[in-house]
Structures are given as structure tokens and as C-alpha cells.
Amino acid sequence: SVLLPSGKVVFAPAGADKVGVFDPATDTFSTVGVAISGSYKYSGGVLLPSGKVVFVPYEADKVGVFDPATETSSTVGNTISGTFKYFGGVLLPSGKVAFVSYNAGNVGIFDPATDTFSLVGPTLPGGYTYRGGVLLPSGKVVFVPYRTENVGLFDPATDT
């Protein structure tokens, strides 16, 4: 879920077919955007400086983007293979978004300026390793351990 500057809350379509929006000013919930097929599509979202929301691909094969100004959703970028890929995303100082590897084996980077997705960094252990991340004051990202004894540390300056 993502809190928008307007106060509305956006729900990433995980099992739902459309984006959910809750407006606390009116206590109303609605679904908006284009229907997205599949199950377990996205595992959360990240608010971009532009006001758009990027959805983190879990089972989806493309990155999801929601524009609250127009209430439209789309999928962008190249095809991402695998299952249970990413769990959580972190907005980087560069404006790019790092996707936290859950079972993907690499950190995913989404560049909203070009709508492109790429894999970076060393090969990470699969097996549902990390669930979420936090941007540190240094600009590095710490990955929250799930099925591992260690935290992950990603440096976007060197893609390692």
C-alpha cells in the first residue's frame, strides 16, 4: 500500500484484477485502471517523485505503474521471468527503484525515466531470502532477512 500526497491510499493489485484506491476523506474504496490478469501479481508499491506509483513484480512478468492523476494503470518495461521474484521496493536517491530479491537471484532496478527494468549486482541466493528493504543515510539499501541469517546490503552507486 502507498500513501499518496492527496491522502488517498493505493493498493497494489496482488490477487485483485485492478488497482484499489481508498479515499479517507469520503471513506470510499474503488477499483480503477485496466484489468491486469494473473494471480499474486505485485507485492507492494513505491511512490515516485512524479506522483506515480510503481508496483513491485512478484508473479507479474512486467513492472506495473499507476498514475493517480488519471487513475490509469499500465505495465511497462521488458519481460521479467521467474516466480515469486521481488518482495518490496526502495526509492533510490537517483529516482530509480530497487526491487528486493525474494526469489529472483538478482536485485531488480526500474528506471521510471525510461520505463526500463534491469538486473544488477551479484547473484543472490534464491529461496525466499529477503522481504523488504530500507534506504540508509549512506544511499545503500539494507535488505530485510526472511529465510537467511544475514541482512543483504546493496550499493546502487556500484550496483553491488
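Computed from a prediction, not measured in an experiment: that's the story for all the values here. (Residues numbered from 1 in each chain as written. Predicted model: local features only at pLDDT ≥ 70, side-chain atom pairs only at ≥ 80, totals over all residues. Heavy atoms only, no water.)

**So, the overall build of the protein**
Alright, step 1. From N to C terminus, the protein includes zero helices and 15 strands.
Alright, step 2. Taken over the C-alpha trace, the protein has a radius of gyration of 15 Å; the compact-globule value for 160 residues is 15 Å, and the two agree within 12%.
Alright, step 3. Relative to its full complement of 160 residues, the protein shows a buried share of 40%. (Helix = DSSP H or I, 4+ residues; strand = E, 2+ residues; numbered from the N terminus. Rg over C-alpha atoms; globule rule 2.2 N^0.38 Å. Buried < 20%, exposed > 50% of the residue type's maximum accessible area, 1.4 Å probe, protein only.)

**Comments concerning the pairing of strand 5 (residues 42-47)**
Alright, step 1. Across four bridges, the pairing between strand 5 and strand 6 (residues 53-57) is antiparallel. Looking at strand 6, one finds that Tyr 42 is bridged to Pro 57.
Alright, step 2. In textbook terms, the turn of a hairpin is the stretch between consecutive antiparallel strands, and for strand 5 and strand 6 this stretch comprises five residues, one of which, Gly 51, has a positive phi near 95 degrees. (Pairing = 2+ DSSP bridges.)

**Concerning the nonpolar core**
Alright, step 1. Within the largest apolar cluster, 13 residues are counted, with the highest numbers of intra-cluster contacts made by Val 54, Val 63, Tyr 86, Val 97, Phe 99, Phe 110 and Phe 117.
Alright, step 2. At the level of secondary structure, the elements contributing two or more residues to this core comprise strand 6, strand 7 (63-67) and strand 10 (97-101).
Alright, step 3. In contact with Phe 110, not counting residues within four places along its chain, are Val 54, Val 63, Val 65, Val 76, Lys 96, Val 97, Phe 99, Asp 115 and Thr 116. (Core = buried A, V, L, I, M, F, W, Y, C linked by side-chain atoms within 4.5 Å. Contact = heavy atoms within 4.5 Å.)

**Let's talk about the sheet that holds strand 1 (residues 2-3)**
Alright, step 1. The sheet built from four strands is open, its strands ordered 1-2-3-4 with antiparallel pairing. Each edge of the open sheet carries a strand with a single partner, namely strand 1 and strand 4 (28-32).

**Examining the confidence of the model for the protein**
Alright, step 1. Per-residue confidence for the protein gives a mean pLDDT of 93; residues scoring 70 or more make up 100%.
Alright, step 2. When mean pLDDT is taken per element in the protein, strand 1 scores highest with 98 and strand 8 (residues 72-76) scores lowest with 92. (pLDDT = per-residue confidence, 0-100.)

**Describing the packing of aromatic side chains**
Alright, step 1. According to the stated counting rule, one finds 14 aromatic pairs in the structure shown.
Alright, step 2. Ring centres 5.9 Å apart and planes at 55 degrees place the aromatic pair Phe 11 and Phe 29 in the tilted group. Placement of Phe 11 in strand 2 (residues 9-11) and of Phe 29 in strand 4 is noted, with a sequence separation of 18 residues between them.
Alright, step 3. One aromatic cluster is present, formed by Tyr 58, Phe 84, Phe 87, Tyr 102, Tyr 128 and Tyr 146 through successive ring pairs.
Alright, step 4. Here the basic side chain of Arg 131 rests over the ring of Tyr 146, its NZ or CZ set 4.7 Å away from the ring centre. (Phe/Tyr/Trp six-rings, centres within 6.5 Å; stacked < 30°, edge-to-face > 60°. Lys NZ or Arg CZ within 6 Å of the ring centre and 35° of its normal.)

**Brief notes about the environment of Leu 4**
Alright, step 1. Structurally, Leu 4 can be placed in the loop between strand 1 and strand 2.
Alright, step 2. The class of Leu 4 is buried, set by a relative accessible area of 7%.
Alright, step 3. Spatially, the C-alpha atom of Leu 4 lies 8.9 Å from that of Lys 52, the residues being 48 residues apart in sequence.
Alright, step 4. In contact with Leu 4, other than residues within four places in its own chain, are Val 10, Leu 47, Gly 51, Val 53 and Pro 68.

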